[in-house]
Amino acid sequence: MSEQTQTGAPAASTDAPAPVSPSTHDPLWVERNGTRTYTGYSGRGARVDIGPVTAGAVFTPGELLKIALAACAGMSSDTKFARVLGDDYKVKITVEGPKDPTEDRYPSLHEVFEIDLTSLDDAVRDKTLLLAQRSIDRACTVANTLKAGALVPPATFVPPIEALDECTDDGDDGDGDGSPAGAGTTTEGRA
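Everything numeric here is computed off the predicted structure, so don't read it as measured data.

Criteria and thresholds
Residue indices begin from 1 for each chain and proceed along its sequence in written order. Totals for whole chains, interfaces and linings use all residues, but because this is a predicted model, local features are given only for residues with pLDDT of at least 70 and pairs of side-chain atoms are given and counted only at 80 or more. Remark: hydrogens and water are excluded; side-chain values derive from all non-hydrogen atoms of the structure. The rule is short: rings of Phe, Tyr and Trp, with Trp giving its six-membered ring, pair when the centres are within 6.5 Å, and they are stacked under 30 degrees, edge-to-face over 60, tilted in between. Numbered from the N terminus, helices here are DSSP runs of H or I no shorter than four residues, and strands are runs of E no shorter than two. Only protein chains enter the area calculation, which uses a 1.4 Å probe; residues under 20% of their type maximum are buried, those over 50% are exposed, and those in between are partly exposed. Contact definition: two residues touch when any of their heavy atoms are within 4.5 Å. Residues belong to a common nonpolar core when they are buried Ala, Val, Leu, Ile, Met, Phe, Trp, Tyr or Cys residues joined through side-chain atoms within 4.5 Å. Confidence of the predictor at the level of single residues is given by pLDDT, which spans 0 to 100. Between N-to-C directions, angles span 0 to 180 degrees; the directions come from axes that are lines fitted to C-alpha atoms, helices contributing only their stretch in contact. Here the angle decides the label: under 35 degrees means roughly parallel, over 145 means roughly antiparallel, 65 to 115 means roughly perpendicular, and every other value means oblique. Each crossing gets its handedness from the near helix: less than a right angle anticlockwise from the far helix is left-handed, clockwise is right-handed. All residues other than Ala, Val, Leu, Ile, Met, Phe, Trp, Tyr, Cys, Pro, Asp, Glu, Lys and Arg, Gly among them, are scored as polar; the first ten of these are nonpolar and the last four charged. Should DSSP find at least two bridges between two strands, the strands are taken to pair. Take a side-chain nitrogen of Lys or Arg and a carboxyl oxygen of Asp or Glu: if they are within 4 Å of each other, that pair is a salt bridge.

J.: How would you sum up the packing of aromatic side chains? Please name residues and give values.
T.: Under the criterion given, the structure shown has three aromatic pairs. When the ring of Trp29 is compared with that of Tyr41, the centres are 5.5 Å apart and the planes differ by 20°; the resulting orientation is stacked. With Trp29 in strand E1 (residues 28-34) and Tyr41 in strand E2 (residues 37-42), this pair connects stretches of sequence that are twelve residues apart. Assessed through its relative accessible area of 36%, Trp29 is described here as partly exposed. Cluster of aromatic residues (ring-pair linked, three or more members): Phe81, Tyr89 and Phe113.

J.: Could you give an account of the environment of Arg134, with specific residues and numbers?
T.: Inspection of the secondary structure assignment puts Arg134 in helix H3 (residues 122-139). Look at Arg134 and you get partly exposed, because its relative accessible area is 42%. Once the C-alpha coordinates of Arg134 and Ser76 are considered, the two residues, 58 residues apart in sequence, prove to be 9.1 Å apart.

J.: An account of the side chain of Thr128 is needed here, citing residue identities and associated values.
T.: Tracing the backbone through its elements, the reader meets Thr128 in helix H3. A relative accessible area of 1% means that Thr128 is categorised as buried. Apart from the residues within four sequence positions on either side, Thr128 is in contact with Lys80, Phe81, Val84 and Leu120.

J.: Could you give an account of the nonpolar core, naming the residues involved and the relevant values?
T.: Within the largest apolar cluster, ten residues are counted, these being Phe81, Ala82, Val84, Leu85, Tyr89, Ile115, Leu117, Leu120, Val124 and Ala132. Elements represented by at least two residues in this core include exactly helix H2 (61-85) and H3. Residue contributions to this core peak at four residues, all from H2. Within the second largest apolar cluster, eight residues are counted, among which are Leu69, Val95, Cys140 and Ala143.

J.: Before we move on, could you go through the confidence of the model for the chain and cite the residues and values that matter?
T.: Taken residue by residue, the chain gives an average pLDDT of 85. The fraction at 70 or more is 77%. Counting contacts from residues 1-12, a segment whose pLDDT is below 50, to residues more than four positions away or on other chains yields 17 contacts. Contacts of residues 176-191 to residues separated by more than four positions or lying in other chains number 16 contacts, the stretch itself having pLDDT below 50.

J.: Can you explain the side chain of Ser77? Please cite residues and give values.
T.: Tracing the chain through its elements places Ser77 in helix H2. When near neighbours in sequence (up to four residues on either side) are disregarded, Ser77 contacts Phe113, Ala132, Ser135 and Ile136.

J.: Which residues make up the packing of H2 against H3, and what values go with them?
T.: Interhelical geometry of H2 versus H3 gives an angle of 150° and a closest axis separation of 8 Å. Between H2 and H3, the angle is such that the two are roughly antiparallel. Note that H2 runs across H3; the crossing there is right-handed. From H2, Cys72, Ala73, Ser76, Ser77, Lys80, Phe81, Arg83 and Val84 reach across to H3, where they touch Val124, Thr128, Leu129, Leu131, Ala132, Ser135, Ile136 and Ala139. Its residues placed into classes, the contact of H2 with H3 shows ten nonpolar, four polar and two charged.

J.: Mind laying out the pairing of strand E3 (residues 47-50), listing which residues take part and the relevant values?
T.: Each regular strand carries side chains that alternate between the two faces of the sheet. Taken together, the four bridges between E2 and E3 define a ladder with antiparallel strand orientation. Each bridged residue has a counterpart across the sheet, and for Tyr38 the counterpart in E3 is Ile50. Between the end of E2 and the start of E3, which pair antiparallel, lie four residues, with Gly45 showing a positive phi angle near 100°.

J.: Can you break down the pattern of salt bridges residue by residue, with the values?
T.: This structure, assessed with the given rule, holds six salt bridges. The shortest N-O distance in the salt bridge between Arg44 and Asp26 comes to 2.8 Å. Of this pair, Arg44 sits in the loop between E2 and E3 while Asp26 sits in the loop between helix H1 (3-6) and E1, and the two are 18 residues apart along the sequence. Connected through salt bridges with shared partners, the residues Asp122, Arg125 and Asp126 form a single ionic network.

Following this line, the structure appears as structure tokens:
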């Protein structure tokens, strides 16, 4: 870290909020392992174990939501903090907010950044925090989705692709067009 950065003068760069990340189109899905336990997958090979607290070393879906919010805020503000603290800065971000068991939702989620800004003078610290929050407000997809109240339509239920393949073994299901029932549903539409 340069002496100039330690004394509070920011390195020369733009104060623009973090750029919005491009949307990925990699498939995401979960597969059942047992009673109320699943493994989540991405098309890039990532995986995460999901289940109830009683299942042990797994994340609950609510915990994944909170972790996604914390990580999104961290990623969105990363360059603002790195610019004044250096690329090796440390931060721990927690998301707090109890679940309302009656409504089965989190009414409020609050992010808390544990980050050492004592090396910055007051003006640089305040400006860095302002820019970090602007970047979070602009580029954190998870927070923006939650704040906007994303629509979650009813689930779609379709047979597995293997079951559709079995329906087409003779090429004719009796409807005259040679397509199995439900064949208009694409794999992409099932994600």
